[in-house]
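Close look at the chain arrangement
This is what each chain is made of:
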Amino acid sequence: MANRSYLYSTNIIPKPNQNESSRVLTGISEYNYDIPIVFKILLSGNPQACTSVIWDSPEKIALIGDYASGVQNLEVFLAKIVLPEAQVPIAEALEFLKDPKNQSQYFILECGEIFEMSETPVEVQNLSLLNQVQNLQPEIAAAYQSLLSPAPVVSEQPKPIGFLAKLFGRRSTPPKALSANNPEQAIYDLGLGLWSNILYFDFSESDDDQN
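Residues numbered from 1 in each chain as written. Predicted model: local features only at pLDDT ≥ 70, side-chain atom pairs only at ≥ 80, totals over all residues. Heavy atoms only, no water.

Here we look at the overall build of the protein
Across its full length, the protein holds nine helices and seven strands. For the protein, the proportion of its 211 residues judged to be buried stands at 39%. A fraction of 75% describes how many contacts in the protein between residues 6 or more apart in sequence connect residues 24 or more apart. When the accessible surface of the protein is split by element, carbon and sulfur atoms take 51% of a total near 12400 Å². (Helix = DSSP H or I, 4+ residues; strand = E, 2+ residues; numbered from the N terminus. Buried < 20%, exposed > 50% of the residue type's maximum accessible area, 1.4 Å probe, protein only. Contact = heavy atoms within 4.5 Å. Areas by Shrake-Rupley, 256 points an atom, 1.4 Å probe, with all protein chains shown as cover.)

Remarks on the packing of aromatic side chains
What the rule picks out here adds up to eight aromatic pairs. Each ring, one from tyrosine 67 and one from phenylalanine 107, has its centre 4.0 Å from the other, and the planes form 15°; the classification is stacked. Here the residue tyrosine 67 occupies a position in helix H2 (residues 67-79), and phenylalanine 107 occupies one in strand E5 (residues 106-110), the gap between them amounting to 40 residues. A single burial state applies to tyrosine 67 and to phenylalanine 107, both of which are buried. Among the aromatic residues, those joined into a ring-pair cluster are Tyr6, Trp55, Tyr200 and Phe201. (Phe/Tyr/Trp six-rings, centres within 6.5 Å; stacked < 30°, edge-to-face > 60°.)

Some thoughts on the side chain of serine 52
Within the secondary structure, serine 52 is located in the loop between strand E3 (48-50) and strand E4 (62-66). In this structure the side chain of serine 52 is engaged in a polar contact, spanning 2.9 Å, whose partner is the backbone nitrogen of isoleucine 54. Here glutamate 110 takes part through its side chain, which lies 2.8 Å from a polar atom of the side chain of serine 52. If we ignore the near neighbours within four places in the chain, the residues touching serine 52 are Ile61, Ala62 and Glu110. (Polar contact = N/O pair within 3.5 Å; in protein donor to acceptor, adjacent residues only side chain to side chain.)

Quick notes on the packing of H2 against helix H3 (residues 87-97)
Contact geometry for H2 and H3: axes closest at 11 Å, N-to-C directions at 170°. By the angle between their directions, the pair H2 and H3 is classed as roughly antiparallel. Crossing angle aside, the handedness with which H2 passes H3 is left-handed. Across the interface between the two elements, Tyr67, Val71, Leu74, Glu75 and Leu78 from H2 touch Ile90, Leu94 and Leu97 from H3. (Axes fitted to C-alpha atoms, helices over the stretch in contact; angles between N-to-C directions. Parallel < 35°, antiparallel > 145°, perpendicular 65-115°, else oblique. Left-handed = near helix turned anticlockwise from the far one by under 90°.)

Shown next, in the form of C-alpha cells:
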C-alpha cells in the first residue's frame, strides 16, 4: 500500500475521548507519497493542529481548517492558472467541493502515513506542516512556476544526410524542438483530478448502517 495523505470534510473538530456519534466524515481526496499544494490551500482557512480521526493517538498529528475559507482560497489560486489543459480539472474541482453532499464546516488533513516516512517525531512534522500552511506564498509561487512552459530544447546538430540523399538534393533534417513540459503531470502534482468520497480509510455509512 502506498503512503498517502488523506483529505476529509467534517462537522466537528476532533478531540480526545470525544463522542463520535454526531460526527460526519466525508472523503474528499487522497494523494500518494506527498501532500500536494491543493490540500494545503484547502486547509489554509484558520488552520490548527488536532487529533487524528484515523490513528488512535493523544498527540495532535492532523490539521483542521475552515471549509468555506479553504475553498475560497483555492478559487483565488486556481483563477490565476491559464494553462488550457488545467481548465477542465479546475472546473471539476470546484464542482466537487461546492457539492452540498461534500461540504461541511471543516476540512481535516491526515498525513500520518507521510510522516511515517521520516524519523522525525510525527507531532513535530505536523507542526511543521501547520507552519507551511500558514505561510504558503513561496509554495504557491513555485506551483505557478511549475505550470509555465519551458523554453523548447533544441537538438544540437541537424540529422546528417547520407550519400543518396545528397545525390538527389535532399536537405538535412532541421533541429527538432523537444518538449520538456508535461502539463498533465504538472496538473496532477498540484493535487487536482483526484476527488472521491471513497478513500482507503472510509468513514461513509454502509447500507446496513442506514437501514
